[in-house]
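# Remarks on the overall topology
Listed below, chain by chain, are the residues.
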Amino acid sequence: MVGRAHKPTALASTPGLPPQPQVTFSDDNSRVTAVLPTGESLEVLLYGATVISWKDGAGDEKLWLSDAAKLDGTKAVRGGIPLVFPVFGTAPDHVQTSKLPQHGFARTSRWEFLGKSTSESESAGGAKAATSSSSSSSSAAAAAAAADQSVKLDFGLSSANLDDKTRALWPFAFSLIYGVTLNRDSLTTSLVVTNDDDKPFDCQVLLHTYLRVKDISSVSITGLDGASYVDKVDGAKTKTQSSGAVQITGETDRVYTPAAVPSAPVGVVEGGRAAFSVTRDSLGDVVVWNPWADKAAAMADFAPADGFRRMVCVEAGSVADFQTLEPGDAFEGAQTIAIGSRAAAA
Ligand SMILES: O=P(O)(O)OC[C@H]1O[C@@H](O)[C@H](O)[C@@H](O)[C@@H]1O
């Protein structure tokens, strides 16, 4: 077992302390919501540990979620950040994972909520230390501290949580810990995979993020210059990205393996302005996906019909190959999606 589910309650507000992030559970136990004192928010479904909403302090949604997405646990969520594990797509020729459904079972399993943690940055702590001198410096320090709050939600899934049918398709003992951290201007999601079995297993991992954009025709994706990629809409040919940003003008489904250090950010630029940057940790590949009109129309859970114009998937992962985890070994991969000006540094 990864851990016990428990219900969080909203954090109490203590006089003298800056406002704290609020974490609440929905009445039907299906989702967890976190809100920072400065208004940024996050919503995660236990089904798939799928992040289904991420809003900035002004309430603007940063993720695309289909109007027809199933949120009741009957189908993987179309939008947000579904988690792909232990196989990307399907792998009919890969013995261990050949029986698994597309993108594996993590996105269609119910996860446990393991708990929350909150923190504030060093600078906020420094400001807080100065609070005793006067009430105005005290309130300024409290405001500074509130402005630097972040909250992390942890979720777990292990072989013990799977139904018999799923376990039979991939008969390995494993545990996953998924951490989702909301900061004022960024979201970090990290996945730790541990092999609890007495034999090795192969796996792939992908954070299948649907980023919301205003108009796909003015979007370009930077940071992929010179990268080798597999073009899934052109017979899985291996190609090289020529220099310059990637524009999406039709169905796009590419698995990039940038040669640059994985921590070099991939940028999403909209109308010439940085919208997002995606920085990866130990995730060597980046999938860029947009179904465009015909593919979108063929998906029953994709709405509205022109929704493909307001999304682009930039998916950090380890999917070009399988990685083998030996018994007792663990792998951790993470992404940080930063909004706006931090993306400008990309
Ligand atoms: O419809 P699904 O299973 O959610 O997959 C969506 C897409 O996910 C992407 O990651 C894949 O590269 C695409 O090939 C796939 O179509």
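Data block above holds the structure.
Quick look at the structure, then. (Residues numbered from 1 in each chain as written. Predicted model: local features only at pLDDT ≥ 70, side-chain atom pairs only at ≥ 80, totals over all residues. Heavy atoms only, no water.)

## Some details on unusual backbone geometry
Put simply, F85 and P86 share a cis peptide bond, and its omega is 0°. Here the residue pair A303 and P304 is connected by a cis peptide bond, since its omega of 0° sits within 30 degrees of zero. Following the sequence through the fold, P304 ends up in the loop between α4 (292-297) and β20 (311-325). Positive phi, close to 45°, is recorded for A49, a residue that is not glycine. Positive phi, normally seen in glycine, also occurs at S282, with a value near 60°. Tracing the backbone shows S282 in the loop between β18 (273-281) and β19 (285-290). Judged by its relative accessible area of 42%, S282 is partly exposed. (Helix = DSSP H or I, 4+ residues; strand = E, 2+ residues; numbered from the N terminus. Buried < 20%, exposed > 50% of the residue type's maximum accessible area, 1.4 Å probe, protein only.)

## What to know about the sheet that holds β18
Reading across the sheet, the nine strands line up as β6-β7-β8-β9-β21-β18-β17-β12-β15 and stay open at both edges, with antiparallel pairing between neighbours. Among the strands making up the open sheet, the edge pair consists of β6 (112-120) and β15 (246-247). Where strand β17 (residues 266-270) and β18 come together, five bridges link them in antiparallel fashion. Within the sheet, the bridge partner assigned to V266 lies in β18 and is V278. (Pairing = 2+ DSSP bridges.)

## Considerations on the nonpolar core
Residues F85, W111, L153, F155, Y178 and V193 are the most contacted members of the largest nonpolar core, which totals 83 residues. Looking at which element gives the most residues to this core, the answer is β20, with seven residues. Filtering out sequence-adjacent residues up to four positions away, W111 remains in contact with L46, G48, A49, L83, A106, F155, G156, L157, L176, Y178 and L191. Counting residues in each nonpolar core, the second largest holds six residues, with Y47, I52, A69 and V77 among its members. (Core = buried A, V, L, I, M, F, W, Y, C linked by side-chain atoms within 4.5 Å. Contact = heavy atoms within 4.5 Å.)

## Description of the packing of aromatic side chains
Tallied over the entire structure, the rule returns 18 aromatic pairs. Summarising the aromatic geometry, the rings of W54 and F276 are spaced 6.5 Å apart at their centres and angled 45° between planes, so their arrangement reads as tilted. Of the two residues, W54 is situated in strand β4 (residues 50-55) and F276 in strand β18; the sequence distance between them amounts to 222 residues. The exposure class assigned to W54 is buried, which follows from its relative accessible area of 1%. Relative accessible area serves as the criterion here: at 3%, F276 is assigned to the buried category. (Phe/Tyr/Trp six-rings, centres within 6.5 Å; stacked < 30°, edge-to-face > 60°.)

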